[in-house]
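Overview (structure and organization)
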Protein chains: 2
Amino acid sequence: MIFSSFVISDKEPIYVQICNHIKDNIEAGMLQKGSKLPSTREVSNVLKVSRNSVVTAYEILESEGIIKSVKGKGTFIDKVSRNSKDNFNVDWSSMINEYGEACTKLDILKTELPYKKGMISFKSIAPEEGLFDLEEFKRAFLNVCSMEGDKILNYGYAKGYNKLIDYLMKYMQEKGVNTEGKDILITNGFTEGFDIVLSSLTKAGDSIICEEPTHNTAIKIMKTHNLNIVGVPMDLDGINTKELDKQIKETNPKLAYIIPSYHNPTGIVMKGEKRQEVYKICEKYSVPIIEDGFNEELLYSSSHVPPLVSLSTEGNGVVYIGSFSKILFPGLRIGWIMADKNLIGALESVKRARTIHCSFIDQAILYQYMNSGAFTKYVKKVRKYYRDKYRFTLEEVKKNIPYECIMGEGGLHIFIKLKGISSRDVLAKCYEKGVLFMPGDIFYSGSGGEFTMRIGFSRVKKEEIKKGIKIIGDIVKEMS
Amino acid sequence: MIFSSFVISDKEPIYVQICNHIKDNIEAGMLQKGSKLPSTREVSNVLKVSRNSVVTAYEILESEGIIKSVKGKGTFIDKVSRNSKDNFNVDWSSMINEYGEACTKLDILKTELPYKKGMISFKSIAPEEGLFDLEEFKRAFLNVCSMEGDKILNYGYAKGYNKLIDYLMKYMQEKGVNTEGKDILITNGFTEGFDIVLSSLTKAGDSIICEEPTHNTAIKIMKTHNLNIVGVPMDLDGINTKELDKQIKETNPKLAYIIPSYHNPTGIVMKGEKRQEVYKICEKYSVPIIEDGFNEELLYSSSHVPPLVSLSTEGNGVVYIGSFSKILFPGLRIGWIMADKNLIGALESVKRARTIHCSFIDQAILYQYMNSGAFTKYVKKVRKYYRDKYRFTLEEVKKNIPYECIMGEGGLHIFIKLKGISSRDVLAKCYEKGVLFMPGDIFYSGSGGEFTMRIGFSRVKKEEIKKGIKIIGDIVKEMS
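Residues numbered from 1 in each chain as written. Chains lettered and ligands numbered in written order. Predicted model: local features only at pLDDT ≥ 70, side-chain atom pairs only at ≥ 80, totals over all residues. Heavy atoms only, no water.

1. Re the overall build of chain A
Let me state the cut-off plainly: Secondary structure elements follow DSSP: runs of H or I no shorter than four residues count as helices, runs of E no shorter than two count as strands, and numbering proceeds from the N terminus. For the radius of gyration, the atom set is restricted to C-alpha positions; the globular benchmark scales as 2.2 Å times the number of residues to the power 0.38. Using a 1.4 Å probe on the protein chains alone, a residue whose accessible area is under 20% of its type maximum counts as buried, one over 50% counts as exposed, and one in between counts as partly exposed. The Shrake-Rupley method, run with a 1.4 Å probe sphere, supplies the accessible areas, and residue values consider only the shown protein chains as cover. Here the positive residues are Lys and Arg and the negative ones are Asp and Glu; neither His nor the chain ends is included. Charged groups are reduced to one reference atom each: NZ for lysine, CZ for arginine, CG for aspartic acid, CD for glutamic acid.
The helix and strand tally for chain A stands at 17 helices and 17 strands. Against the compact-globule benchmark of 23 Å for 480 residues, chain A has a radius of gyration of 30 Å, which places it well outside the compact range. By principal-axis analysis of the C-alpha atoms, chain A measures approximately 90 × 60 × 45 Å. In chain A, buried positions account for 62% of the 480 residues. Total accessible area on chain A is roughly 18900 Å²; 49% of this is exposed by carbon and sulfur atoms. Charge-centre separation for chain A: the mean point of 67 positive side chains lies 5 Å from the mean point of 60 negative side chains.

2. Remarks on empty space enclosed by the protein
What counts here: A 1.4 Å probe that fits into a set of points on a 1 Å grid over the protein atoms alone but cannot get out defines a cavity; an open set with protein on both sides within 12 Å along at least five of seven lines defines a pocket, and lining residues are those with an atom within 4 Å of a point. Grid points are joined across faces, edges and corners, and a volume is the space filled by probe spheres set on the points.
Under the counting rule described, the total for this entry stands at four cavities of 30 Å³ or more. The computed volume of the largest cavity comes to approximately 70 Å³. Taken together, A:Asn188, A:Leu332, A:Arg333, A:Cys358, A:Ser359, B:Asn188, B:Leu332, B:Arg333, B:Ile334, B:Cys358, B:Ser359 and B:Asp362 make up the full set of residues lining the largest cavity.

3. A word on the pattern of salt bridges
Residue and element names in this part refer to chain B. Convention followed: For this analysis, a salt bridge means a side-chain nitrogen from Lys or Arg found within 4 Å of a carboxyl oxygen belonging to Asp or Glu.
Taken as a whole, this structure holds 58 salt bridges over all chains when the rule is applied. Glutamate 136 is the partner of lysine 377 in a salt bridge, and the nearest nitrogen-oxygen pair spans 3.8 Å. Separated by 241 residues along the polypeptide, lysine 377 in helix H15 (residues 374-400) and glutamate 136 in helix H7 (residues 134-148) bring together distant segments of the chain. Ionic pairing is found between glutamate 404 and lysine 417, a salt bridge with its closest N-O pair at 3.9 Å. You can see glutamate 404 sitting in the loop between H15 and strand S13 (405-407) and its partner lysine 417 sitting in strand S14 (residues 413-417), a full 13 residues away along the chain. Under the relative-accessibility criterion, glutamate 404 is labelled partly exposed at 48%.

4. As for the sheet that holds strand S7 (residues 228-235) of chain B
All names here are of chain B. Basically, it comes down to this: Pairs of strands are assigned from DSSP output, requiring at least two bridges between the strands. Contact criterion: two residues are considered in contact whenever any of their non-hydrogen atoms come within 4.5 Å of each other. Only the stretch in contact is used when fitting a helix axis, every axis being a line fitted to C-alpha atoms; angles between N-to-C directions are given from 0 to 180 degrees.
The strand order across the open sheet formed by eight strands is S5-S12-S11-S10-S9-S6-S7-S8, and the pairing between neighbours is mixed. This sheet does not close on itself; its edge strands, each paired only once, are strand S5 (182-187) and strand S8 (238-239). Most of the contacts of helix H9 (residues 189-201) go to strand S11 (residues 318-323), to which it runs at about 155°, and overall it touches S5, strand S6 (207-212), strand S9 (255-258), strand S10 (289-292), S11 and strand S12 (335-340).

5. Re the relation of the copies chain A and chain B
This is how the line gets drawn: Superposing copies: least-squares fit, C-alpha atoms only, residues required to have pLDDT of at least 70 in both.
Its rotation angle being 180°, the transformation that places chain A on chain B also includes 0.0 Å of axial translation and leaves an RMSD of 0.2 Å. Here the two chains are linked by the operation of a two-fold rotation axis. Both copies present the same face, since 99% of the interface residues in chain A are matched by interface residues at the equivalent positions in chain B.

6. Here we look at the packing of aromatic side chains
We apply this condition: Classification of ring pairs uses Phe, Tyr and Trp, with its six-membered ring standing for Trp, and accepts pairs whose centres are within 6.5 Å; under 30 degrees between planes counts as stacked, over 60 as edge-to-face, and the remaining range as tilted.
Counted under the stated rule, the structure contains 45 aromatic pairs over all chains. Between A:Tyr279 and B:Phe88 the ring centres are 5.5 Å apart and the planes differ by 65°, which places this aromatic pair in the edge-to-face class. Of this pair, A:Tyr279 sits in helix H12 (residues 272-284) while B:Phe88 is found in the loop between strand S3 (74-77) and helix H4 (92-95), placing the two residues in two different chains. On the basis of relative accessibility, which here comes to 1%, the residue A:Tyr279 falls in the buried class.

7. A few points about the sheet that holds strand S13 (residues 405-407) of chain A
Residue and element names in this part refer to chain A. Strand order in the open sheet formed by four strands is S13-S14-S17-S16, and the pairing between neighbours is antiparallel. Where the open sheet ends on each side, the last strands, each with one partner, are S13 and strand S16 (438-439). Where S16 lies against strand S17 (residues 452-456), two bridges are found, and the strand directions are antiparallel. When the bridges of S17 are listed, methionine 438 appears paired with arginine 454. Set on the sheet, helix H15 (residues 374-400) makes contact with S13, strand S14 (413-417) and S17; between it and S14 the angle comes to about 20°.

8. Regarding the environment of A:Asn252
Residue and element names in this part refer to chain A. On the secondary structure map, asparagine 252 appears in the loop between helix H11 (241-251) and strand S9 (255-258). Residue classification places asparagine 252 among the exposed positions, given a relative accessible area of 66%. With 169 residues separating them along the chain, asparagine 252 and isoleucine 421 place their C-alpha atoms 36 Å apart.

9. Some points on the interface of chain A and chain B
Where we set the bar: Defined here as a combined quantity, buried area equals the accessible surface (1.4 Å probe) lost by two parts on assembly, summed across both. Here a polar contact is taken to be a pair of N or O atoms separated by no more than 3.5 Å, where protein atoms must pair a possible hydrogen donor with a possible acceptor and residues adjacent in sequence count only if both atoms sit in side chains. Under the grouping applied here, Gly and all other residues not named as nonpolar or charged are polar, the nonpolar ones being Ala, Val, Leu, Ile, Met, Phe, Trp, Tyr, Cys and Pro and the charged ones Asp, Glu, Lys and Arg.
Every contact between the two is made by 107 residues of chain A and, on the other side, 109 residues of chain B. Summed over both sides, the interface of chain A with chain B buries roughly 9300 Å², with 59% coming from carbon and sulfur. Considering only the surface of chain A that becomes buried against chain B, A:Phe88, A:Trp92 and A:Leu153 emerge as the three largest contributors, covering 10% of it. Our count for the chain A to chain B interface comes out at four salt bridges. Notably, a salt bridge pairs B:Glu348 with A:Lys110, separated by 3.6 Å at the nearest N-O pair. For the interface between chain A and chain B, the tally reads 41 residue pairs in polar contact (both at pLDDT 80 or more). Of the residues forming the side of chain A that touches chain B, the biggest block, 10 residues, is contributed by helix H13 (residues 341-355) of chain A. Within the side of chain A that touches chain B, the residues separate by chemical class into 46 nonpolar, 38 polar and 23 charged.

10. A closer look at unusual backbone geometry
Between A:Glu212 and A:Pro213 the backbone carries a cis peptide bond, its omega angle lying at 5°. Take A:Pro213: it is sitting in the loop between strand S6 (207-212) and helix H10 (216-224). The omega angle of the peptide bond from B:Asn264 to B:Pro265 is 15°, so this bond is cis rather than trans. With respect to the helices and strands, B:Pro265 occurs in the loop between S9 and helix H12 (272-284). A positive phi angle, close to 60°, is found at A:Arg333, a residue other than glycine. You can see A:Arg333 is positioned in the loop between strand S11 (318-323) and strand S12 (335-340).

11. Description of helix H5 (residues 98-105) of chain A
Residue and element names in this part refer to chain A. To keep things clear, this is the line we draw: Arc definition: it is the arc formed by the directions from the helix axis to the C-beta atoms.
Among the residues of H5, Tyr99, Gly100, Ala102 and Cys103 are the ones counted as buried. End-on view of H5: buried residues confined to an arc of 160°, all on one side of the axis. Opposite the packed face of H5, turned more than 90 degrees from it, sit the exposed residues Glu98 and Lys105. You can read the cap of H5 off the contacts: a side-chain oxygen lies 3.2 Å from the backbone nitrogen of tyrosine 99, and it is on asparagine 97.

12. Structural notes on the confidence of the model for chain A
What counts here: One confidence number per residue, pLDDT, is output by the predictor and ranges from 0 to 100.
For chain A, the mean per-residue pLDDT works out to 92, and 98% of the residues sit at or above 70. Here the prediction assigns the complex a pTM of 0.88, and the interface score ipTM is 0.88.

13. Topic: the side chain of A:Arg333
Buried and unpaired, A:Arg333 has A:Glu192 as its nearest opposite-charge partner, separated by 8.2 Å. Within polar-contact distance, the side chain of A:Arg333 engages the backbone oxygen of A:Asn188 at 3.4 Å. Ignoring anything within four residues of it in the chain, the contact list for A:Arg333 reads A:Thr187, A:Asn188, A:Gly189, A:Thr191, A:Ser325, A:Cys358, B:Tyr155, B:Thr355, B:Ile356, B:His357, B:Cys358 and B:Ser359.

14. A few points about the environment of B:Pro253
Residues and elements named next belong to chain B. Here proline 253 is to be found in the loop between helix H11 (241-251) and S9. Residue proline 253 is classed as buried on the basis of its relative accessible area, which comes to 6%. Measuring from C-alpha to C-alpha, the distance between proline 253 and glutamate 211 comes to 13 Å, with 42 residues separating the pair along the chain.

15. Comments concerning the pairing of S6(B)
Residue and element names in this part refer to chain B. For clarity, the threshold we go by: Look down the strands so they point away from you; if the path from the first strand over the helix to the second goes clockwise, the crossover is right-handed.
Counting buried positions along S6 gives six out of six residues, so the element sits mostly inside the fold. Traced from S6 through helix H10 (residues 216-224) to S7, the parallel crossover comes out right-handed. Here S6 pairs with S9 via three bridges, running parallel. Residue pairing for S9: isoleucine 209 is matched across the bridge by alanine 256.

Written out as structure tokens, the structure is:
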């Protein structure tokens, strides 16, 4: 409190010294309008002076309008007038550099139409939180506390929580990955993983191959790194491999970014043979693959399709970025990069230089949760839930929206191409009627996707899906 | 499981098809050495074939050495030989760019002598975890769960958890800050805060002012951004203001990075008048200040010294980066940037492009913990604990180590300048005797600090402090 180090002298009356001390503190910026003062009793105790002197000081200040007593609440600073007005003003907007500007310009939360209360929004593909088993989560937390105690709240390691890393190594083995010579770095979700990889491997102007369309956040990150994005068109079964071969030959890319499962935004699952083909083309030209494990866990058909990284029997050409954020606890922000040991070593230092490490207690909880078997049960549950919802939504779409084609076969979203009607025009009209969706052009690095839209249904109730799709359909029909 | 989508045909005997299917899965990388096969009973159920066919298939594979039955455990893949060896190998080390290399080169966890079990280590200034009140933490967690439910585990906002932001706004007001026109962004500790600020405001070659010596992580981040670090020497009461003025005039820096409280590594607390002076100089030349709120909470004397950001009555020239990591739960990785509203708006987009947001449950727990009053109680406790330990360590240092000067007046560390003896030479000898400390040169952006060392005592037991300091002292005396 402001009087703790204040020493009363004998040069002036005590009440004057108290008044001046408070005024000095206001001047120095230590007391603001609304700051609470200690009670007169407290001050008299701390300063070892009579309470009367303090009361007098407070009365004078109150008469000057500087402080104000509120009955039953205490005494507060009421008027702040400082003589030393400073004019240290910086024009921050002129200081933001190209990178900061790019991040702002590409921030779809700032540029796209915002959700308003009561709207039916198909924008999001975040998981339905009602599916989370909070009780299991609590149990995992309490287990962590009793097993790790305070330690888990102290600093950890940049690479991540060891038990979680070991668990994920086995988890990747079960996906068919030969983990020899590989290692894992825990990251703040896919976003940090991808950003760290690009930050460490690319320079402005490098070319990078990706599917066109592709994950909007990936486009944003590639753009903020000033990469030359080479989008390879997708057929109904995934990336066009002939075009992939041609583009790689022509642009000599540094990396290829691929989403094989429930591709965002199309929902296409690349079949095993195509995966082999893509892998072989990248191998032929020695273009390392950044594989986005997005929604791999969600595959509705229970037959596992091996990720690209598992096609490497002894090679190290694939960097796999995994995350459970689209099905489990995205708020925790835990993802991982699996890659060549030496590469992970370097990325670990980059991670340390940027965020030191991810929350250790969150990593420990996630580990406990998964290791207890709760995750396996949960995945079964959500697969069924989303599969049903997918089928329901698909049917509504087919019934109501006139389309040129619907891509994909599942996931948390449906990607629709309209017959020559601009989805942004549709969106503008839908917005007036309280319906939101993602215009497809944000998934194109260039100017494509004008007629496409993504319908995310994961968090929308069935009756709202029905209602919302009907509204979109009516507007499309009207415009046809 | 691998048989779920397998369809038996009638072209070959069933056992042959099962054998081939397993071999195909090995070839495709779906089964690795050690992978467990489903039991013969399970396979016969799934495929709806006789169990005998499955048993025959397994027997054949076992006779070929491909699988192995372990009694009571199951059947496992034992030999994996794939014909399609791939040689997709990437020389990742040649791909790491300048930034990735700088992060690795400047990673003191990789370059400095490592801690080995049983050593007395004065390297760390992490908090003593024994002080954390785990019970209060648990209570905060359970409160969050019951109040926020599953929602808190879903995606949140890049800026941070609203209640925590509001709390920190008030918290900063109590430090004397005029929060009008200011806003807060929650970051993954100081490290992410500083990295985001530099990423958004600077470009390679820009000059940045800082104290010399200064926080090693800050040096690392400034170097990875290729900034021209202008270190201003420190007197015993903090940065030399004459030199500060001169250096700003000469180098026209973009920013100034300052640690006013328990400065790392010197432990100096800049007095109120000096803060005014530093502020005025930066204002004069319009050089925005990045204030590192490091350990401000820990100030042993209970009298508050206003942070630089509070000296701004109406200006916006100071960016304050706060963190409780040196006293409270560093494993959570929660810090904050308080700055001009518009700047925070831009930094929010940068944060979103990099890590989306910090763990929402961690933010909510921290808020609950602080709002419950537990934090205030905790700070009182740790202040006393560390003050006692500081005094104890200081006395041991004074008794045992011949020094030229000891800087600072508290914190979790003591900074010592030896009389013309290289602290790295001392360290080499101490290491042999099982004692570690931080050589001071890592806190100098240039080549200074040869004779300095930092003794971090926060997590060292008193008897070990005594023993360790004695060992250091004896070695220094020997070398004198």
